[in-house]
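The primary structure of each chain is shown beneath.
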There are 2 protein chains.
Amino acid sequence: MLSDIEIANAAVLRPIRDVAAETLGIDEEHLSPYGRHKAKVDLGYLASLADRPLGKLILVTALSPTPPGEGKTTTTVGLTDALHGLGHRTVACLREPSMGPVFGMKGGAAGGGHSQVVPMTDINLHFTGDFAAIAAANNLLAALIDNHVHHGNALDLDTRSITWRRVLDVNDRALREVVVGLGGHANGFTREDGFDIVVASELMAIFCLTESWADLKQRIGEIVVGYTRAGNPVTARELGAHGAMAALLRDALAPNLVQTLEGAPAFVHGGPFANIAHGCSSVAATRAGLRLADYVVTEAGFGADLGAEKFVDIKCRKSGLRPDVAVVVATVRALKYHGGVALADLGAEDLAAVEAGMVNLRRHLANVRGVYGIPCVVAVNRFPTDTDAEIAAVVRLAAAEGVRAFPATHFADGGAGARDLATGVLEVLAEPSAFTFSYTYDDEASLTEKVEAIATRLYGASLVTWDARARRRLERIEHDGYGGLPVCVAKTQYSFSTDPHAVGAPTGHEIHVREVRLSAGAGFVVVVCGDMMTMPGLPATPSAGRIDLADDGTILGLS
Amino acid sequence: MLSDIEIANAAVLRPIRDVAAETLGIDEEHLSPYGRHKAKVDLGYLASLADRPLGKLILVTALSPTPPGEGKTTTTVGLTDALHGLGHRTVACLREPSMGPVFGMKGGAAGGGHSQVVPMTDINLHFTGDFAAIAAANNLLAALIDNHVHHGNALDLDTRSITWRRVLDVNDRALREVVVGLGGHANGFTREDGFDIVVASELMAIFCLTESWADLKQRIGEIVVGYTRAGNPVTARELGAHGAMAALLRDALAPNLVQTLEGAPAFVHGGPFANIAHGCSSVAATRAGLRLADYVVTEAGFGADLGAEKFVDIKCRKSGLRPDVAVVVATVRALKYHGGVALADLGAEDLAAVEAGMVNLRRHLANVRGVYGIPCVVAVNRFPTDTDAEIAAVVRLAAAEGVRAFPATHFADGGAGARDLATGVLEVLAEPSAFTFSYTYDDEASLTEKVEAIATRLYGASLVTWDARARRRLERIEHDGYGGLPVCVAKTQYSFSTDPHAVGAPTGHEIHVREVRLSAGAGFVVVVCGDMMTMPGLPATPSAGRIDLADDGTILGLS
């Protein structure tokens, strides 16, 4: 089979204005083109559609993944192509790839095989400049903070307490912990600082949770950048930064429209981390899709304990959106992994391990239906090494839970490979739901109760414990009036517990909170359980060494 | 009079595809649009024009400026509009503004008054993403350097000798001197580092001196990032970084086309500093303009001792381009300043000071004609406080040098205000040149001789002295085989000397070289005389506090 970039480079793309007009009925005058195959859809036009009925929202999530991932993005694209191929007005809503990992180990993030969004190289590199705009606004605020301190510090900001970090869209471990302001008087006050990757920034989360320029500016103004010596929060508004930061994000806020390899429309917009942030593409794009199409297929990062939880408890809670059905992506490989097979041995048939690993998928299905109250199907994303007997076992095991499972081969076959899945999704959507949509916890619960609800209801934990310092931060955050915010749990995606090696469906474990961070602008409190990497590093042999530009402008070596 | 942004926001812009077709004969298929009013012109199309005759190249330069500047960019735009209004196929070639100063003190850099390029807010903020692409490629190389050291350091790179700095497009003094790699083993090796603003990067200079993807990659490969413990240079090619960096710059390399307020075409592309780099917009854009239009009006940063010198000795030398005429911008204010009047008192008529300050303009005119061998005119950029007697004095004093001077009011009146200037430029272009174009020094001269030629022939200095360390670096650079490169002098723009307060035309002074830096990829050796700021700071009341985004998406407060 050809590589992802070979398939993408060989694709014949249609002008994006034709895709917009024919698939979504958007007139060219409402598009801002970026090259011939990317466009932003004007926010004013989208606002004018406010009275339109909303289409159906299909949420793609997954069981706890193995390190290489189970194919949520390819399934989102494949399912979109299948629905599109069946003649339904359908749009995918995906996250924008981060450029950092493209040059490291992970490679691109625009789907794969015959289920990709294109132009693949553009989407993976720079795209329409959204991440650069977010970085510029983020770093302007950082400069204004140090500048305020340098020029007299009228707000009495305690430089030891500054929480706002600088960002770059690069994997660069050397920037994780730095000291800035060295070199004497002219360079400001020396202090400890650090850089995060753009996708880990609060500003990225804000960007993905807002739909208007006015709301964007309002939320940016509420960002808490640090504390005074007296311990009171200092906001971006007090620094006079929110207007200029919003101006820097004006154009970026309009959703980006591209196409799949099969010509279906796709919004690719925003891309927050799924640990320190909520891991979903923008509300602006999702709402636009629901107004323009009959079906929106979108994904949430990591497994259903993390991504779908945040989709429900943060994105839906703040936007009023509701998924109509969830597609839980499972693979034979991941089930065997949760059944105790080592990563290197997942290629061999092992029906007993598939059955044993079902404990993981079973709990995710129970959470999706029983806690979030969303009807669901399972997509069995087929890998070449999967045997027919293993695939049949997954279908049978899901059926025992009362959930239909559909093998899908969209990676190899494009939309045709996900046609059964699409038909199954349409069936569920046509039935009355047996479930009532619900959040995991109420706004009124204390922050502690919110974390406990997630830990006990979703993770199977029996106990939440807190570092003393995390507990004090939590109390301070509640004291400062942020106790009504939802929580955003940052923990490993590989397990229901905080131990990445605890596969399956652990119970009775302890969730230990190491750190608490306030994201007042985004409107949530991050609860850090275990290590959290907000600036990745490059591997010993980074993929940057393979990426090249041919003399004719063709980009090679992206994966 | 309205503010710049009020004028710009009130302008009715034409679709850029219409501007391209009607003013330059570029078919829409050769454009990559960025929104409706910006487009990149495809490099492949430009290469297909190689057989076309070249238009005339008009270089806008200036006398030694006062701190607020003398209006080179507005004169470039005004003259373009005047030629365009006279029915000549004309295009302006300008530098892209840096976003950092927009939020600091300087504001935007897209012209001013009724001589602006538009869309003004877009051009000043993000534009088509070129600077973000340059920053991404620059910082990828930085990450690859530290990553190489972290993973075994096979090249034996001496971390004390790393010269490649990280960049951001923000004014942020706290980043001038930093320590990176803190926090222990996982974060790499601790070392001193620093950030420059994007426009001060060598990569920006490379970007502005190349015209093809192949040459871009070649030059990037030659970047020297530091030295081994044995003292040998280590290049970006040895780190395997050049292919990925070139890929990041693929789209950026195509020139950006916008329009003036009067509908003339303008390429706005690249924007290197005029001290640490050569201060001119891209060769790719200039050459494109010369193939597409009969007249190209372009500017070089700072006064003619710095910007025009680098235009000639670096940009022309490397590209084979030749200016056909120079427009030396002078103001009554600057002449009075060089005649000894304090900055605060420049508003009062002072004919004696104008006459005294003529020494500065006189030397620039002598350099332009006698050293570079370019015929020239003087544009007297008129300010509201200038009296008719003062303006007449400048015209008379220039005439005494054998140079025609033309008062121009394009700031207030647009192209109509520069019509006399345009007519004068056309007259000079129609005459046979009395001068022979020449570089200030030959390639074969030693680096020392090159600096001495600039200092004595252009600056009026009698002596060049060197810090011992700078001298050693120079010797090492020559030993490593870079002695044939041109030099790029970084010194104050306010004086022919290295003392910014030495107005007029000082003679017999000493030029002291404090530091020498190799830009092997860009292909020049930077000779630093005096302080050089490669990362600006923000003022006590930054303009960021005035810049705002209205609820309807209008950006306010840019200047």
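Keep in mind it's a predicted model, so treat the numbers as computed, not measured.

## Quick word on the overall build of chain A
Helix and strand content of chain A: 19 helices and 25 strands. Its C-alpha radius of gyration of 23 Å places chain A within 12% of the 24 Å reference for a compact globule of 559 residues. Summarising its shape, the C-alpha atoms of chain A cover approximately 70 × 55 × 50 Å along the three principal directions. Counting only residues that meet the buried cut, chain A has 65% of its 559 residues in that class. By sequence separation, contacts in chain A at least 24 residues apart represent 75% of the contacts at least 6 residues apart. Looking at chain A as shown, the accessible area adds up to about 18000 Å², and 51% of this sits on carbon and sulfur atoms. Between the averaged position of the 49 positive side-chain charges in chain A and that of its 64 negative side-chain charges there is a distance of 3 Å.

## Here we look at the relation of the copies chain B and chain A
For the pair chain B and chain A, the relating rotation is 180 degrees, the translation along its axis is 0.0 Å, and the fit reaches an RMSD of 0.0 Å. Here the symmetry operator amounts to a two-fold rotation axis. Taking C-alpha positions as the reference, the residue of chain B nearest the rotation axis is Tyr34(B), at 2.2 Å.

## Topic: the packing of helix α4 (residues 72-85) of chain A against helix α17 (residues 419-430) of chain A
Residues and elements named next belong to chain A. Between α4 and α17, the shortest axis-to-axis distance is 8 Å and the interhelical angle comes to 75 degrees. It follows that α4 is roughly perpendicular to α17 by the angle criterion. Residues Thr75, Leu79, Ala82, Leu83 and Gly85 of α4 form the contact with α17, whose participating residues are Arg419, Leu421, Ala422, Val425 and Leu426. Its residues placed into classes, the contact of α4 with α17 shows seven nonpolar, two polar and one charged.

## Quick word on helix α12 (residues 304-319) of chain B
All names here are of chain B. Here α12 spans only 19 Å end to end across 16 residues, well under the 22 Å set by a 1.5 Å rise per residue. In α12, a bend of some 30 degrees at Phe311 exceeds every other bend along the element. In terms of residue burial, α12 counts as a mostly covered element, since 15 of its 16 residues are buried. Of the residues one or two after α12, Gly320 is the one with positive phi, at around 80 degrees.

## Regarding the packing of aromatic side chains
Residue and element names in this part refer to chain A. Scanning the entire structure with this criterion turns up four aromatic pairs over all chains. Aromatic pair Phe437 and Tyr439: ring centres 5.6 Å apart, planes at 80 degrees, arrangement edge-to-face. Since its relative accessible area comes to 21%, Phe437 is described here as partly exposed. The ring of Tyr439 is capped by Arg317, whose NZ or CZ atom sits 4.5 Å from the centre of that ring.

## Examining the environment of Ala82(B)
All names here are of chain B. For Ala82, the location among the structural elements is in helix α4 (residues 72-85). We classify Ala82 as buried; its relative accessible area is 0%. Dropping the residues within four chain positions of it, Ala82 is found in contact with Gly415, Ala418, Arg419 and Ala422.

## Observations regarding the UniProt feature "binding site: ATP" (unreviewed entry) in chain A
Residue and element names in this part refer to chain A. Mapped onto this numbering, the UniProt entry gives "binding site: ATP" (unreviewed entry) at Thr66, Pro67, Pro68, Gly69, Glu70, Gly71, Lys72 and Thr73. Here Gly69 is to be found in the loop between β3 (56-62) and α4. The partly exposed category is assigned to Gly69, whose relative accessible area is 26%. Note on placement: Gly71 falls in the loop between β3 and α4. A relative accessible area of 22% means that Gly71 is categorised as partly exposed. Setting aside anything within four residues of it in sequence, one finds Gly71 in contact with Val329 and Asn381.

## Here's the deal with the sheet that holds strand β22 (residues 515-519) of chain A
Residues and elements named next belong to chain A. An order of β20-β23-β22 is seen for the three strands of this open sheet, with the pairing classed as mixed. Across the chains shown, the open sheet's two edge strands, defined by having one partner strand only, are β20 (487-490) and β22. Going from strand to strand, the sheet's axes swing by 20 degrees on average, the running direction of each strand aside. In this sheet, strand β23 (residues 524-528) lies alongside β22 in antiparallel orientation, the contact comprising five bridges. In the sheet register, Arg517 faces β23, and the bridge partner there is Val526.

## Thoughts on helix α2 (residues 16-24) of chain B
All names here are of chain B. Considered for burial, the residues of α2 that qualify are Ile16, Val19, Ala20, Thr23 and Leu24. Projection of α2 onto a plane perpendicular to its axis shows the buried side chains occupying an angular sector of 100 degrees, all on one side. One or two positions beyond α2, positive phi appears at Gly25, with a value near 70 degrees.

## A few points about the packing of helix α14 (residues 351-371) of chain A against helix α15 (residues 388-400) of chain A
Two quantities define a packed helix pair, namely the angle between the helix axes and the distance between the axes. Residue and element names in this part refer to chain A. At a closest axis distance of 10 Å, the pairing of α14 and α15 adopts a crossing angle of 30 degrees. With respect to their mutual orientation, α14 and α15 come out roughly parallel. Once α14 is placed against α15, the crossing between them reads as right-handed. Residues Leu351, Val354, Glu355 and Met358 of α14 form the contact with α15, whose own contacting residues are Ala389, Glu390, Ala393, Val394, Arg396, Leu397 and Ala398. When its residues are assigned to classes, the contact of α14 with α15 shows eight nonpolar, no polar and three charged.

## Digging into a negative patch on the surface
All names here are of chain A. Together, Glu449, Glu452, Glu475 and Glu478 make up a region of like negative charge exposed at the surface. Contributing elements (two or more residues each) for the negative patch: α18 (447-458) and α19 (468-479). On the basis of relative accessible area, Glu475 is assigned to the partly exposed category, the value being 44%.

## Comments concerning the interface of chain B and chain A
Taken together, the contact pairs 73 residues of chain B with 73 residues of chain A. Regarding the contact of chain B and chain A, the summed buried area is about 5800 Å², with carbon and sulfur atoms giving 60% of it. Of all residues in chain B, Arg36(B), Arg173(B) and Leu549(B) bury the most surface against chain A, accounting for 10% of the area lost on that side. Applying the counting rule to chain B against chain A returns 10 salt bridges. With a closest N to O distance of 2.8 Å, Arg36(B) and Asp42(A) form a salt bridge. Looking at the side of chain B that touches chain A, the elements with two or more residues in it are β1 (31-33), α6 (120-124), α7 (130-150), β7 (166-168), β8 (178-180), α9 (213-221), α10 (242-248) and β24 (548-549) of chain B. The residue inventory of the side of chain B that touches chain A, partitioned by class, reads 37 nonpolar, 18 polar and 18 charged.

## Describing the pattern of salt bridges
When charged atoms on two side chains of opposite charge get close, those side chains can pair. According to the stated counting rule, one finds 58 salt bridges over all chains in the structure shown. Between Arg166(A) and Asp172(B) there is a salt bridge; the shortest N-O distance is 2.9 Å. Of the two residues, Arg166(A) sits in strand β7 (residues 166-168) while Asp172(B) sits in the loop between β7 and β8, which places them in two different chains. The pair Arg166(A) / Asp172(B) is uniform in exposure class, with both members buried. One connected set of salt bridges, linked through shared partners, spans Asp146(A), Arg166(A), Arg191(A), Asp193(A) and Asp172(B).

## Quick word on the pairing of strand β11 (residues 224-227) of chain B
Two strands pair when backbone bridges link them, and β11(B) and strand β12 (residues 233-235) of chain B are joined in this way by three bridges, in the antiparallel orientation. Counterpart to Gly226(B) in the pairing with β12(B) is Val234(B).

Conventions and cut-offs
- Residues numbered from 1 in each chain as written.
- Chains lettered and ligands numbered in written order.
- Predicted model: local features only at pLDDT ≥ 70, side-chain atom pairs only at ≥ 80, totals over all residues.
- Heavy atoms only, no water.
- Helix = DSSP H or I, 4+ residues; strand = E, 2+ residues; numbered from the N terminus.
- Rg over C-alpha atoms; globule rule 2.2 N^0.38 Å.
- Buried < 20%, exposed > 50% of the residue type's maximum accessible area, 1.4 Å probe, protein only.
- Contact = heavy atoms within 4.5 Å.
- Areas by Shrake-Rupley, 256 points an atom, 1.4 Å probe, with all protein chains shown as cover.
- Lys, Arg positive; Asp, Glu negative; His and termini not counted.
- Charge placed at Lys NZ, Arg CZ, Asp CG, Glu CD.
- Least-squares fit on C-alpha atoms with pLDDT ≥ 70 in both.
- Axes fitted to C-alpha atoms, helices over the stretch in contact; angles between N-to-C directions.
- Parallel < 35°, antiparallel > 145°, perpendicular 65-115°, else oblique.
- Nonpolar A, V, L, I, M, F, W, Y, C, P; charged D, E, K, R; others polar.
- Expected span 1.5 Å × (residues − 1).
- Bend = angle between axes of the 7 residues up to and from the residue.
- Phe/Tyr/Trp six-rings, centres within 6.5 Å; stacked < 30°, edge-to-face > 60°.
- Lys NZ or Arg CZ within 6 Å of the ring centre and 35° of its normal.
- UniProt positions renumbered as here; feature names shortened; annotations may be inferred.
- Pairing = 2+ DSSP bridges.
- Arc of directions from axis to C-beta.
- Left-handed = near helix turned anticlockwise from the far one by under 90°.
- Patch = residues over 30% accessible without salt bridge, like charges linked within 9 Å, V, L, I, M, F, W, Y side chains within 5 Å.
- Salt bridge = Lys/Arg side-chain N within 4 Å of Asp/Glu carboxyl O.
- Buried area = accessible area lost by both parts, 1.4 Å probe.

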